[in-house]
Amino acid sequence: MSKSFERYQKRKLISSYFSVILSIALVLFLLGMLGLLVINTKKLADHFKEQVAISVFLKDNAKEVEINQLQKSLAMTEYTKSATFVSKDEAAEEHSKEIGENFLEFLGYNPLQNSIDVHLKAAYVSTDSIQKIVTDLSKKDYVADISYDKPLIGMLNENVKRMSFWILIASGVFTIIAVLLINSSIRLSVYSKRFIIKTMQMVGATKRFIRRPFIWNSIKLGMIGALVAILAMGGILYYANTKMPQLNLLSDPLGLSLLFISIFVIGIIITWISTYIATQRFLNLRTDDLYY
């Protein structure tokens, strides 16, 4: 009978520990994923900004040497990520694919112009910076026109600012929620041992002596939960990077290492503080209040 009861108590204890670890791991995982989003917000924003292109259309009488010189000079400037020459024949072929028919047969000639598509670095994708670049390029005699999507650039920068603001707000709110949820799980775990705490106190054990094993046990659970969360984050991050390599999600090992360390430390700190507060509460309760 006693062995059966002991097995039951062990299963109950393991189940309790598993629930606490799972709760901590889930909360820290979600908090970590939000941290990854914060870290990669700028990277994602830069990726979309660098998709915006300035098309520099060239006059038909532009010499090949002038075109090559312009392309090379653009490629070497501090604001250029890439500069690609697009001939009028290539442009016509691409346009025919888009509209689904060969418009050259209908017109009898190619009305398009040779051009250089310039993709800017993210730091220079703003209305003022692009306008300055356009002004400088327009001074060249063999440049016929320069085209870019001005409304898109304004909208892109505005949305990036708005997104960054709300992500910071969400990070703060979610951090508070994470603390409350982990604190709730720890308190339930300590609550189940409230009679043990009071019994130890009644036989003369000091508060510090009583708290120590509870705090150390909770810290271990927090460490295990944090490790589970970190492993899950690492798996998802690796999978996402293989599916979307253009985002270079693993290109900042220092930032990722700091995030993982932060999640591990947060798991320890929250469980330590929560256990301290929970045990202190039951230590200060009268014996009659333990039944409510």
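Coordinates for the structure precede this section.
Since the model is a prediction, treat every value here as computed from it, not as a measurement.

J.: I tried to follow the overall build of the protein on my own but got confused; where do I start?
T.: Scanning the protein for helices and strands turns up nine helices and four strands. Reading the protein from its N end, one meets helices and strands in the order α-β-α-β-α-α-β-α-β-α-α-α-α. For the protein, buried positions account for 35% of its 292 residues. By element, 63% of the accessible surface of the protein is carried by carbon and sulfur atoms, the whole surface being about 18,300 Å².

J.: How should the environment of S147 be read in this particular structure?
T.: Residue position: S147 is located in strand β4 (residues 143-147). For S147, a relative accessible area of 34% corresponds to the partly exposed category. Distance in space between the C-alpha atoms of S147 and V56 is 6.6 Å, their sequence separation being 91 residues. When neighbours within four sequence positions are excluded, S147 is seen to be in contact with A53, I54, S55 and F57.

J.: Would you mind showing me how to read the pattern of salt bridges here?
T.: Once the charged atoms of two side chains with opposite charge are near each other, the side chains can pair. Scanning all chains against the criterion turns up two salt bridges. Of the charged contacts in the structure, one is a salt bridge between K81 and E50, with a shortest N-O distance of 3.6 Å. With K81 in strand β2 (residues 80-86) and E50 in the loop between α1 (2-49) and β1 (53-58), the pair connects residues that are 31 residues apart, well separated along the chain. Of the residues examined, E50 reaches a relative accessible area of 19% and is grouped as buried. Residue D136 pairs with K132 through a salt bridge whose shortest N-O separation is 3.8 Å. Placement of the pair is D136 and K132 together in helix α5 (residues 127-138), with a separation of four residues, close to one helical turn. With relative accessibility at 38%, the residue D136 sits in the partly exposed group.

J.: Got a minute to help me understand a negative patch on the surface in this structure?
T.: Among the surface-exposed residues, D89, E90, E93 and E94 lie close enough to one another that they form a single negatively charged patch. In this structure E94 comes out as partly exposed when scored by relative accessible area, which is 43%.

J.: Just to check I follow, could you spell out the side chain of S218 for this structure?
T.: With respect to the helices and strands, S218 occurs in helix α8 (residues 207-243). Taking the relative accessible area as the measure of exposure, S218 reaches 6% and is therefore buried. Those residues in contact with S218 that sit more than four places away from it in its chain are I186, T271 and T275.

J.: Is there a simple way to think about the sheet that holds strand β3 (residues 115-120) in this case?
T.: Backbone-to-backbone hydrogen bonds pair the strands of a sheet. The strands run either parallel or antiparallel. Strand order in the open sheet formed by four strands is β2-β3-β1-β4, and the pairing between neighbours is antiparallel. The strands lining the two open edges of the sheet, one partner per strand, are β2 and β4. Pairwise comparison of adjacent strand axes, ignoring direction, gives a mean angle of 20 degrees for this sheet. Its contacts with the sheet put α5 on β1, β3 and β4, and the angle it makes with β4 is roughly 170 degrees.

J.: Help me understand helix α7 (residues 194-202), please; the structure alone is not making it clear to me.
T.: Because an α-helix packs 3.6 residues into every turn, residues spaced three or four apart end up facing the same way. Within the span of α7, buried status applies to R194, I197 and K198. Buried residues of α7, viewed axially, fall in a sector of 95 degrees; they line one side. Check the buried side of α7 and you find it contacts α6 (150-191), α8 and α9 (253-284). The first or second residue beyond α7 is G204, which carries a positive phi of 105 degrees.

J.: Hey, could you run me through the packing of aromatic side chains in this one?
T.: Both the distance between ring centres and the angle between the ring planes are used here to describe each pair of aromatic rings. All told, the structure shown has two aromatic pairs when counted by the stated rule. Both rings, one in Y79 and one in Y124, keep their centres 6.2 Å apart while their planes meet at 65 degrees; by these two values the pair is edge-to-face. With a gap of 45 residues between them, Y79 in the loop between α2 (64-76) and β2 and Y124 in the loop between β3 and α5 connect regions that are remote in the sequence. Looking at Y124, the relative accessible area reads 24%, which means it is partly exposed.

J.: Looking at this structure, I do not really get the pairing of β1. What am I missing?
T.: Regular strands place their side chains on alternate faces of the sheet. Direction of pairing for β1 relative to β3: antiparallel, over a ladder of five bridges. If you follow V56 over to β3, its bridge partner there is I116. Relative to β4, β1 runs antiparallel, the two being bridged by four bridges. Counterpart to L58 in the pairing with β4 is V143.

J.: How should the nonpolar core be read in this particular structure?
T.: In a soluble, globular protein the nonpolar side chains are often hidden away together inside. Ranked by size, the top nonpolar core spans 31 residues in total, and within it L28, I182 and I197 carry the most contacts. Only α1, α6, α8 and α9 provide two or more residues apiece to this core. Among the elements that make up this core, the one with the highest residue count is α8 (nine residues). Residues within four places of L28 in sequence aside, it is in contact with I182, G225, A226, A229, M233, I263, I266 and G267. Within the second largest apolar cluster, 24 residues are counted, among which are V56, L58, I133 and Y148.

Parameters and conventions
Residues numbered from 1 in each chain as written. Predicted model: local features only at pLDDT ≥ 70, side-chain atom pairs only at ≥ 80, totals over all residues. Heavy atoms only, no water. Helix = DSSP H or I, 4+ residues; strand = E, 2+ residues; numbered from the N terminus. Buried < 20%, exposed > 50% of the residue type's maximum accessible area, 1.4 Å probe, protein only. Areas by Shrake-Rupley, 256 points an atom, 1.4 Å probe, with all protein chains shown as cover. Contact = heavy atoms within 4.5 Å. Salt bridge = Lys/Arg side-chain N within 4 Å of Asp/Glu carboxyl O. Patch = residues over 30% accessible without salt bridge, like charges linked within 9 Å, V, L, I, M, F, W, Y side chains within 5 Å. Lys, Arg positive; Asp, Glu negative; His and termini not counted. Charge placed at Lys NZ, Arg CZ, Asp CG, Glu CD. Pairing = 2+ DSSP bridges. Axes fitted to C-alpha atoms, helices over the stretch in contact; angles between N-to-C directions. Arc of directions from axis to C-beta. Phe/Tyr/Trp six-rings, centres within 6.5 Å; stacked < 30°, edge-to-face > 60°. Core = buried A, V, L, I, M, F, W, Y, C linked by side-chain atoms within 4.5 Å.

So, to be careful, I would describe these as geometric facts and stop short of saying anything about function.
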